[in-house]
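Listed below, chain by chain, are the residues.
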Amino acid sequence: MNQKTKLLLSAICLFAISGTAQISFVEHIIVGRDDLPQPRNARKVIAVDIDGDKDKDVLSVSTYYGTIVWFENLGGIGNFSTQKIIALDLPSINTIDVADVDGDGDVDIISGSRTPDVNDGKAAFFLNDGQGNFGEEQVLHIGGKRVYAVQFADLDGDGHPDALWGTISGEVGWQKNEDGMGTFGESQVVSTHTVPVEVLTAHDMDGDGDLDVLAAYSAFNIPSQASIRWYENLDGVGNFGSPIVLSPFDDVILDMVMVDMNKDGRDDLLYGSYNDRIAWFPSTDGMGSFGEEILISTRTKEVTSIFPVDVNGDGDVDILSTSFFDENAAWYQNLDGEGEVFQRKIISDDAKGARDIIAVDMDEDGDMDVLLASSGIGEIVLYENSLIVSTSEAMTKRIEVSPNPTTGMLTIGNVEADVAIQVYDSSGKLLLQETGKHAIDLSPFPSGLYFYKITDESGNHHSGNIVKE
């Protein structure tokens, strides 16, 4: 295993934040271009505790080899095992997601691929024994030529992660987790369309407390057929309405996420596209209506992945991105706090075939590090964020987050002034951010492991893990 660690002298972003903080990235190669075996054509990367030892391991997929693999965190930043194979013979696997589907306290995996012998799509899941040993593939759905997008999400509001999938034939469907033990029901149709599903996510689009379905449809050969649509969860138990078209789109959307870009308390729609665009649509009412597009950048050639996160600890939503053709990973600093003025900063200019990028606090030091998967060289790299902040030791000692585990409500104790609270899922995705509150509600989210970050008025940070039962 090539465990190189080096300071990225050519890509350091060094600056002052309120006079008290500086930032730079340190590279730790988890698996390199010269290491064998390697996850060639790595398409996805997730940071999550696979083996129950309370640290974050790294999970990835190889489209070329049709495998799901993980790398055990051996302790200390950047110290990982060689790859451990979870599953083989998953042709054209594109993505995975994780959640505890059988209620045993560990993370299981859902995958989207196609069948080995027939050109048909396949969604499947794999159960974890809690120590990183996974059982045989359990098939959820066959059909649609190729299952391109998958997610675990509680679509019927019973507290159990259900299975959501989309195909390149344009189908979107879901399957109920019947008992919270990983027994899934028959496929239920959300929508049928003639354009391939490129991106799929569950999100409360209309603010009624249940999860709706948001999909980006894209066709490389006919870009004019692309669109962004969402489907309302009409009754909160998984019966979905007709498509609501947000925008016809003469482009191919490669990544999309809902996040509050301008701090108005409403989640906006952020996307990256094949035709070099990073942009967002502001929510006008928090009920699924959006305003005119706000363009962030056209400098990144083929935006394969975006990830909204506060990189520099100033309370604003910055953006991580990858470029396939430019072979780089970058972050866009939110300069005005309103999501309209950004400055691009390069993290790596040697990420050949960059495919996926996420942020996660790997070393639990209160700032967000970066994980990058590059398909062209089969490389997975951790970029440690060496953000230097005047973190108050007294703050860290006095803050109490309880109860842990929780069934829903979390109380932030021993805090006198207002604080900002951010909650991330096991893959590092920002789920919730609140300001001026001393309690947060995790009840809308499925059971599993979450990460929180608390920032006081002076910019001091406190972070940790929380288990939602």
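Scroll up to find the structure this text is about.
Source: prediction; values computed, not measured.

Chemist: Pulling in residues and values, what's your account of the overall build of the chain?
Modeler: Each helix and strand in the chain was counted, giving one helix and 36 strands. Taken across its 469 residues, the chain has 61% of its residues classed as buried. Long-range contacts, defined here as pairs at least 24 residues apart, represent 47% of the contacts in the chain between residues at least 6 apart. Surface accessibility of the chain: about 17,700 Å² in total, with carbon and sulfur atoms responsible for 47%.

Chemist: I'd like to hear about the packing of aromatic side chains, residue by residue, with values.
Modeler: Per the stated rule, a full pass over the model turns up five aromatic pairs. When the ring of Tyr64 is compared with that of Tyr65, the centres are 4.9 Å apart and the planes differ by 90°; the resulting orientation is edge-to-face. Residue class for Tyr64 comes out partly exposed when judged on its relative accessible area of 49%. Note on Tyr65: relative accessible area 46%, which makes it partly exposed. The cationic tip of Arg229 hangs over the ring face of Tyr217; the distance from NZ or CZ to the ring centre is 5.9 Å.

Chemist: Mind laying out a nonpolar patch on the surface, listing which residues take part and the relevant values?
Modeler: On the surface, Phe220, Tyr274 and Phe325 cluster together into a nonpolar patch covering about 310 Å² of accessible area. Checked against the element boundaries, Phe325 lands in the loop between β24 (318–323) and β25 (328–334).

Chemist: Give a description of the side chain of Ser111 that names residues and reports values.
Modeler: As for its placement among the helices and strands, Ser111 is situated in strand β8 (residues 108–114). If near-sequence neighbours (up to four positions away) are discounted, Ser111 is found in contact with Ile68, Leu90, Ile93, Thr95, Ile96, Lys122, Ala123, Ala124, Phe126 and Val150.

Chemist: Give me the sheet that holds strand β22 (residues 294–297): which residues, what numbers.
Modeler: With antiparallel pairing, the four strands of this open sheet are ordered in space as β19-β20-β21-β22. For this open sheet the edge positions go to β19 (253–259) and β22, each flanked by a neighbour on one side alone. Across this sheet, the average inter-strand angle for adjacent strands is 20°, counted without regard to direction. With three bridges connecting them, strand β21 (residues 278–281) and β22 associate as antiparallel partners. Residue Ile278 lies in a different strand from β22, and its bridge partner there is Ser297.

Chemist: How would you summarise the pattern of salt bridges if you had to cite specific residues and measurements?
Modeler: If you walk through the whole model with that rule in mind, you get 10 salt bridges. Through salt bridges with shared partners, a single network forms among Asp156, Asp158 and Lys176.

Chemist: Outline the sheet that holds strand β9 (residues 121–126), supporting the account with residue identities and numerical values.
Modeler: The antiparallel open sheet is built from four strands, whose spatial order is β7-β8-β9-β10. Strand pairing shows two members of the sheet lacking a second neighbour, β7 (95–99) and β10 (138–142), which therefore form its edges. Each adjacent strand pair in this sheet contributes to an overall mean axis angle of 20°, direction not counted. Of the pairings in the sheet, the one linking β8 to β9 comprises six bridges and is antiparallel in character. In the sheet register, Gly112 faces β9, and the bridge partner there is Ala123.

Chemist: Mind laying out unusual backbone geometry, listing which residues take part and the relevant values?
Modeler: With glycine set apart, most residues show a phi of negative sign, and most peptide bonds adopt trans. Cis rather than trans, the peptide bond between Ser402 and Pro403 has omega equal to -5°. Of note, Glu327 is a non-glycine position whose phi angle comes to about 60°, a positive value. Examined against the element boundaries, Glu327 turns out to sit in the loop between β24 and β25. A relative accessible area of 27% places Glu327 in the partly exposed class.

Chemist: Describe the nonpolar core, and please don't skip the residues or the numbers.
Modeler: Among the nonpolar cores identified, the biggest contains 52 residues, and Val58, Met261, Leu270, Ile296, Ile319, Leu320 and Leu371 are the most heavily contacted of them. Looking at which element gives the most residues to this core, the answer is strand β27 (residues 354–360), with five residues. In terms of nonpolar packing, the next biggest core, distinct from the first, is built from 18 residues, Ala149, Trp174, Val197 and Leu211 among them.

Rules and cut-offs
Residues numbered from 1 in each chain as written. Predicted model: local features only at pLDDT ≥ 70, side-chain atom pairs only at ≥ 80, totals over all residues. Heavy atoms only, no water. Helix = DSSP H or I, 4+ residues; strand = E, 2+ residues; numbered from the N terminus. Buried < 20%, exposed > 50% of the residue type's maximum accessible area, 1.4 Å probe, protein only. Contact = heavy atoms within 4.5 Å. Areas by Shrake-Rupley, 256 points an atom, 1.4 Å probe, with all protein chains shown as cover. Phe/Tyr/Trp six-rings, centres within 6.5 Å; stacked < 30°, edge-to-face > 60°. Lys NZ or Arg CZ within 6 Å of the ring centre and 35° of its normal. Patch = residues over 30% accessible without salt bridge, like charges linked within 9 Å, V, L, I, M, F, W, Y side chains within 5 Å. Salt bridge = Lys/Arg side-chain N within 4 Å of Asp/Glu carboxyl O. Pairing = 2+ DSSP bridges. Axes fitted to C-alpha atoms, helices over the stretch in contact; angles between N-to-C directions. Core = buried A, V, L, I, M, F, W, Y, C linked by side-chain atoms within 4.5 Å.

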